[in-house]
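Chain residues, written in single-letter form:
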Amino acid sequence: MEVRYVPDHSILSVVIGSRAYGLETEESDVDRRGVFVAPTRLFWRLAKPPTHVDGPLPEQFSWEVERFCGLALEANPTVLECLWSPIVEQATAAGEELLALRDAFVSERANQTFAGYANAQFRRLDPARPKWKQAMHMIRLLLSGLHLARHGEPLVRMDAHRDRLLAVRRGELSWAEVDRWRSELVARFGGANVLPAEPDRRRVEEYLARTREAAL
């Protein structure tokens, strides 16, 4: 039996990337991320449903709901930002419930993941020939994570920082200025934060159980 997991079983589809961040240019793609719920009976087979699916649209990627929740509980920055995207293109009842559950996924681990992802990007940059778009997103990730630590949700729309971030992308700031901005943000991660020590796994598991039962 051939199953079209996306879009037939999709419960959530959002736009992320530059268009969600408010940093798009005329050349920007539309980056879509989504969540689907595989029919529960398919898990009773030896061959399990996929944990993710590419497409069918260009720049579209979707996770099976259990994989998505697992990544969110681990404070994966991309997955967490999906839950706060300002551009929701589709949300079923299960998708709306997932969005309403988003605070259950956040924890102090996000301090490590957001800063860690940004630092990994920084290490891949060559100061002699920096990739300015990558440098911009490194800073954006730090801004998003810092906002999460202080306010309980990641900062997706970058309106307050748009001009300076786009100046980084255009290469109008020197490498020294970008590195100084990065260092200032990293240092602020050690300050006060409102995040709980652990995510609320019980609420997430209860949601997964309801979702699986509904997909029987």
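Rules used throughout
Residues numbered from 1 in each chain as written. Predicted model: local features only at pLDDT ≥ 70, side-chain atom pairs only at ≥ 80, totals over all residues. Heavy atoms only, no water. Helix = DSSP H or I, 4+ residues; strand = E, 2+ residues; numbered from the N terminus. Rg over C-alpha atoms; globule rule 2.2 N^0.38 Å. Buried < 20%, exposed > 50% of the residue type's maximum accessible area, 1.4 Å probe, protein only. Contact = heavy atoms within 4.5 Å. Areas by Shrake-Rupley, 256 points an atom, 1.4 Å probe, with all protein chains shown as cover. Lys, Arg positive; Asp, Glu negative; His and termini not counted. Charge placed at Lys NZ, Arg CZ, Asp CG, Glu CD. 1 Å grid on protein atoms, 1.4 Å probe; cavity = no way out; pocket = protein on both sides within 12 Å on 5 of 7 lines; lining within 4 Å. Points joined across faces, edges and corners; volume = space filled by probe spheres on them. Nonpolar A, V, L, I, M, F, W, Y, C, P; charged D, E, K, R; others polar.

Describe the overall build of the protein chain, naming the residues involved and giving the relevant values.
Within the protein chain, the regular secondary structure consists of nine helices and five strands. Order of helices (α) and strands (β) in the protein chain, N terminus to C terminus: β-α-β-β-β-α-α-β-α-α-α-α-α-α. Relative to its length of 216 residues, the protein chain is compact, with a C-alpha radius of gyration of 18 Å against a globular reference of 17 Å. The dimensions of the protein chain, computed from C-alpha atoms along their principal axes, are 55 × 40 × 30 Å. Per-residue burial over the protein chain gives 48% buried out of 216 residues. Long-range pairs, those at least 24 residues apart, make up 73% of the contacts in the protein chain between residues at least 6 apart in sequence. Here the protein chain displays about 11,100 Å² of accessible surface, and carbon together with sulfur accounts for 48% of that area. Looking at charge distribution, the protein chain has the averaged site of its 30 positive side-chain charges lying 3 Å from that of its 31 negative ones.

Account for the layout of surface pockets, naming residues and giving values.
Within this model, the largest pocket holds a volume of roughly 480 Å³. What lines the largest pocket is a set of 20 residues, among which Gly17, Ser18, Tyr21, Asp31 and His137 lie closest to the centre. When residues of the lining of the largest pocket are traced back to their parent elements, those giving at least two are helix H1 (18–21), strand E2 (31–36), helix H3 (77–83), helix H5 (109–124) and helix H6 (132–151). Taken together, the residues of the lining of the largest pocket sort by class into five nonpolar, six polar and nine charged.

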